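Take a look at the letters that make up each chain.
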Amino acid sequence: MQAAQTPHWAIEICDLRSQFGDFLVHEDLQLAIASGEIVSLVGGSGSGKTTLLRQILGLEKPAAGTVKVFGQDINSTDSEQLKLLRNRWGMLFQQGALFSAMTAFDNVAQPMRELRTLPEQLIRSAALLKLQMVGIDAAQATKMPADLSGGMIKRVALARALALEPELLFLDEPTAGLDPSLSDSFVELIAALHREMRLTVVMVTHDLDTIFALSTKIAVLADRHVIAYGTPHEVLKNDHPFIKEFFLGLRGKRALAGLEQ
Amino acid sequence: MPDHEPPHLAFDTNAPDAIAAIGAWQVQALARADVLPAIELCFEQLADPSGIRWDLTGISALDHIGAQVLWNGWGSVRPSDLHLAPAHDQIFARLEAADASAVPEIEPGSRFTMALLRYQTGMLLDHFRSAIGLIGQLVLDIGRFARRPLEGPWKELSANIYHAGFQALGITALVGFLIGVVLSYLSAQQLHTFGGDIYLVNILGMSIIRELGPLLAAILVAGRSGSSMTAQLGVMRVTEELDAMLVMGMPHGFRLIMPKVLALAIAMPLLVIWTDAMALIGGMSAALLELNLSPSYFLQELPDAVPLANYWIGLGKGVVFGSLIALVACHFGLRIKANTESLGQGTTTSVVTAITVVILADAVFAIVFAGVGF
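What you are looking at is a predicted structure, and each value in this text was computed from that prediction instead of being measured. (Residues numbered from 1 in each chain as written. Chains lettered and ligands numbered in written order. Predicted model: local features only at pLDDT ≥ 70, side-chain atom pairs only at ≥ 80, totals over all residues.)

A. Summary view of the overall build of chain A. A tally of regular secondary structure across chain A gives 11 helices and 10 strands. A globule of 261 residues ought to have a C-alpha radius of gyration of about 18 Å, and chain A, at 19 Å, matches this closely. Expressed as lengths along the three principal axes of its C-alpha atoms, the size of chain A is roughly 55 × 45 × 45 Å. Buried positions account for 41% of the 261 residues belonging to chain A. (Helix = DSSP H or I, 4+ residues; strand = E, 2+ residues; numbered from the N terminus. Rg over C-alpha atoms; globule rule 2.2 N^0.38 Å. Buried ≥ 20, exposed ≤ 12 C-beta atoms within 10 Å, placed from the backbone.)

Right under this line is the structure:
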């Protein structure tokens with residue numbers, strides 16, 4: 001019923017241009033992501049996926065064009081609005097980016113403490129719940145990030161990204177560096193969270209299994225544009241050489257076989 | 001986010017044992033001022049929160065933190081008479097499944113205990129052990145370098161001399177000059193009252209060349225290069241570069257530590273000469289202005305006032321101070337753990353220790369060479 005109306009956009013990118021020195025990364029890039037989607041951002045290395053993600057998050061300013069998140073231009077809203085906006089999204093960095101001077105538990109509790117109004121008792125139980133959602137038990141919660149394995153760091157970082165119940169979740173290479181079974185359980189976890197918390201997810205990944213297992217839409221970045229944006233099946237029908245190479249190579253066929261089953 | 005009704009609890013006056021939760025029970029709404037205290041006040045008024053009828057169908061949006069507020073209010077049990085939307089049921093199911101007893105305790109603040117004392121004594125011994133290990137390794141590395149000089153880390157050595165020596169010329173010149181001016185002005189006024197103007201050369205020459213030049217240069221280098229060496233090693237630990245070097249067969253001692261120690265041992269005496277010269281120039285210009293003592297007289301008198309031995313002591317101090325600073329910096333750099341807090345602490349401790357060690361060594365020099373050069 002609601003879907004029949006004009007969709008509610010989580011992210012709108014318009015005429016985006018970004019360059020490093022003389023090197024043009026994006027030009028006239030357009031992308032609009034509706035709420036509730038799980039979008040995979042794919043592209044060759046150096047095609048500016050991470051740059052685009054950082055621009056959506058406001059960590060970098062594009063040379064031209066506008067980036068709107070929940071209808072607000074993140075490069076021109078005032079700081080008060082931006083602060084509210086930042087409580088509505090969560091980001092999982094590639095290396096986790098946990099605060100190394102705090103325990104896993106304090107890392108997850110930090111965004112809630114930053115609100116300054118929640119009582120400590122509530123924060124403690126809520127942070128522990130988040131950790132349990134990602135499969136970290138209380139015994140490991142008191143460890144420092146340096147003492148955690150790579151997979152656990154990712155999980156704690158995801159718990160931190162989810163701490164304030166975001167509507168929009170960004171994932172940078174969520175399954176990179178995880179072993180296959182761990183990576184499968186991570187994918188399962190994100191899918192479950194998407195169902196449960198009605199998240200919009202934007203992820204940058206190279207892992208075809210992850211892409212096909214999770215995404216409702218795929219955005220392909222190549223030649224400085226988004227050359228294709230649609231459901232996995234729609235994107236696969238595209239004849240662009242990059243898409244052919246990326247999805248229909250040997251690995252791609254294997255992943256697709258998994259998708260057909 | 002559409003502005004929902006704020007979350008609150010509503011009592012039904014007709015049914016005193018029934019309560020309804022209404023509004024958007026989401027973290028952003030709960031975090032607003034006065035929302036949570038009002039809810040907690042409501043819970044406090046209830047004698048048996050889990051025993052009465054709860055109607056949650058009025059909740060427009062619920063997230064885990066909102067559910068947690070209710071759950072904590074119920075005393076971590078599900079009320080027997082609970083009515084809620086089916087979509088919200090799984091959130092409470094998750095809360096019920098969560099092991100509430102496992103909440104980690106807040107650690108008590110550190111107090112003096114025997115365990116702490118033992119730990120700190122152990123740390124001190126550990127420092128000594130690893131410092132001795134470092135010096136031993138350095139001796140072995142220098143031996144290896146002396147046997148096969150062509151295979152030595154020349155590039156690292158020259159880079160370190162450039163960074164720690166050449167790039168420090170500006171700051172040592174400025175500070176040296178200013179200290180020379182200050183010293184000259186202060187002594188000149190005192191000497192003038194006694195009519196001993198010409199002894200300014202002795203005072204300036206002796207104090208700067210034997211004492212102040214080496215010490216000033218060492219303190220500046222400890223702050224400048226000592227901290228950067230510690231931080232560099234610390235970041236290499238954080239980014240696992242140290243481990244990568246070991247794996248590729250590049251020993252830390254030979255490739256990182258020896259070049260730094262040798263570079264400072266070479267650059268420091270040169271910096272000492274430079275600082276001496278600058279401080280003397282500063283003293284001379286102040287003497288010209290204050291006492292009308294001409295620079296040519298100053299330079300003529302200097303060799304007589306300051307015996308040559310003092311230059312050698314100054315240069316020797318430079319070598320020793322430089323090596324000590326580099327050793328302390330490397331010692332603390334290698335002990336940094338892979339987190340940001342340890343990096344900051346390590347760098348601070350390194351600089352403080354380096355300056356303390358330099359002043360200690362200076363005292364030793366003063367005692368050992370008490371009768372030399374007068």
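B. Representation of the overall build of chain B in the model. Secondary structure summary: chain B contains 13 helices and five strands in total. Over its C-alpha atoms chain B spans a radius of gyration of 35 Å, topping by over 25% the 21 Å that the globule rule assigns to 374 residues. Projected onto its principal axes, the C-alpha positions of chain B cover 110 × 60 × 45 Å. Per-residue burial over chain B gives 35% buried out of 374 residues. Contacts in chain B between residues far apart in sequence, at least 24 positions, make up 84% of those at least 6 positions apart. (Contact = placed C-beta atoms within 7 Å.)

C. Just the interface of chain A and chain B, in detail. On the side of chain B, 25 residues touch chain A, which itself brings 25 residues to the contact. Elements with a contribution of two residues or more to the side of chain A that touches chain B: α4 (120–133) and α5 (138–141) of chain A. Element by element, the count of residues in the side of chain A that touches chain B is highest for α4(A), at eight residues. For the side of chain A that touches chain B, the class distribution of residues is 14 nonpolar, seven polar and four charged. (Nonpolar A, V, L, I, M, F, W, Y, C, P; charged D, E, K, R; others polar.)

D. Main features of the sheet that holds strand β6 (residues 89–92) of chain A. Residues and elements named next belong to chain A. If you walk across this open sheet you meet the six strands as β6-β7-β8-β3-β9-β10, and the pairing is mixed. Both edges of this open sheet fall to β6 and β10 (225–230), since each of them pairs with a single strand only. Taking each pair of neighbouring strands and ignoring which way they run, the sheet shows an average axis angle of 15°. Both strand β3 (residues 38–43) and strand β9 (residues 217–222) contribute to a ladder of five bridges, which runs parallel. The residue bridging Val39 from the neighbouring strand is Lys217, located in β9. (Pairing = 2+ DSSP bridges. Axes fitted to C-alpha atoms, helices over the stretch in contact; angles between N-to-C directions.)

E. Main features of the environment of Val77(B). All names here are of chain B. You can see Val77 is positioned in the loop between α3 (64–73) and β5 (81–83). Judged by the 12 C-beta atoms lying within 10 Å of it, Val77 falls in the exposed class. Each C-alpha atom of the pair Val77 and Leu95 lies 9.7 Å from the other, and the pair is 18 residues apart in sequence.

F. Geometry of the packing of helix α7 (residues 169–194) of chain B against helix α8 (residues 200–238) of chain B. Residues and elements named next belong to chain B. Look at α7 against α8: their axes get within 10 Å of each other, and the N-to-C directions meet at 145°. The element α7 and its partner α8 pack so that their crossing is right-handed. Contact residues: Ile171, Thr172, Val175, Gly176, Ile179, Gly180, Leu183, Ser184, Ser187, Ala188 and Leu191 in α7; Leu200, Ile203, Leu204, Ser207, Ile208, Leu212, Leu216, Ala217, Leu220 and Arg224 in α8. (Left-handed = near helix turned anticlockwise from the far one by under 90°.)

G. Broad picture of unusual backbone geometry. Of note in the backbone geometry, Asp223(A) takes a positive phi value of approximately 50° without being a glycine. Tracing the backbone shows Asp223(A) in the loop between β9 and β10. Phi at Glu240(B) takes a positive value of approximately 65°, unusual for a residue other than glycine.

H. Local environment of the confidence of the model for chain B. On average, residues of chain B score 87 in pLDDT, and 94% of them are at 70 or above. Here the predicted complex scores 0.73 on pTM and 0.74 on ipTM. (pLDDT = per-residue confidence, 0-100.)

I. Structural view of the environment of Gly230(A). Residue and element names in this part refer to chain A. Along the polypeptide, Gly230 turns up in strand β10. In this structure, the C-alpha to C-alpha distance between Gly230 and Lys217, residues 13 residues apart in sequence, is 5.0 Å. Apart from the residues lying within four places of it in its own chain, the contact partners of Gly230 are Lys217, Ile218 and Val235.

J. Structural context of the sheet that holds strand β4 (residues 64–69) of chain A. Residues and elements named next belong to chain A. The four strands lie next to each other as β2-β1-β4-β5, forming an open sheet whose pairing is antiparallel. The open sheet has two edge strands, β2 (23–34) and β5 (72–73), and neither has a second partner. Packed on one face of the sheet, helix α1 (residues 49–56) meets β1 (9–20), β2 and β4 and runs near 120° to β1.

K. Region of interest: the nonpolar core. Formed by 96 residues in total, the largest nonpolar core has its most connected members in Leu41(A), Val108(A), Ala127(A), Leu131(A), Ala159(A), Val201(A) and Val220(A). Excluding residues within four positions of it along the chain, Leu41(A) makes contact with Lys49(A), Leu52(A), Leu53(A), Val202(A), Met203(A), Val204(A), Ala219(A) and Leu221(A). Ala188(B), Leu327(B), Cys330(B) and Phe332(B) belong to the second-largest nonpolar core, a separate cluster that totals 60 residues. (Core = buried A, V, L, I, M, F, W, Y, C linked by C-beta atoms within 7 Å.)

L. Representation of the environment of Pro49(B). By the secondary structure assignment, Pro49(B) is in the loop between α2 (35–45) and β3 (53–55). Here the alpha-carbon distance between Pro49(B) and Val201(B), two residues 152 residues apart in the chain, equals 89 Å.

M. How the structure looks around the pairing of strand β7 (residues 168–172) of chain A. All names here are of chain A. For β7, the buried fraction is high: five of the five residues fall into the buried class. Covered by surrounding structure in β7 are Leu168, Phe170 and Asp172 together with Leu169 and Leu171, the residues of both alternating faces. Alignment of β6 against β7, held across four bridges, turns out to be parallel. Paired with Leu92 across the strands is Leu171, a residue of β7. The pairing of β7 with strand β8 (residues 200–204) spans five bridges and is classified as parallel. Among the inter-strand pairings, Asp172 is bridged to a residue of β8, identified as Val204.

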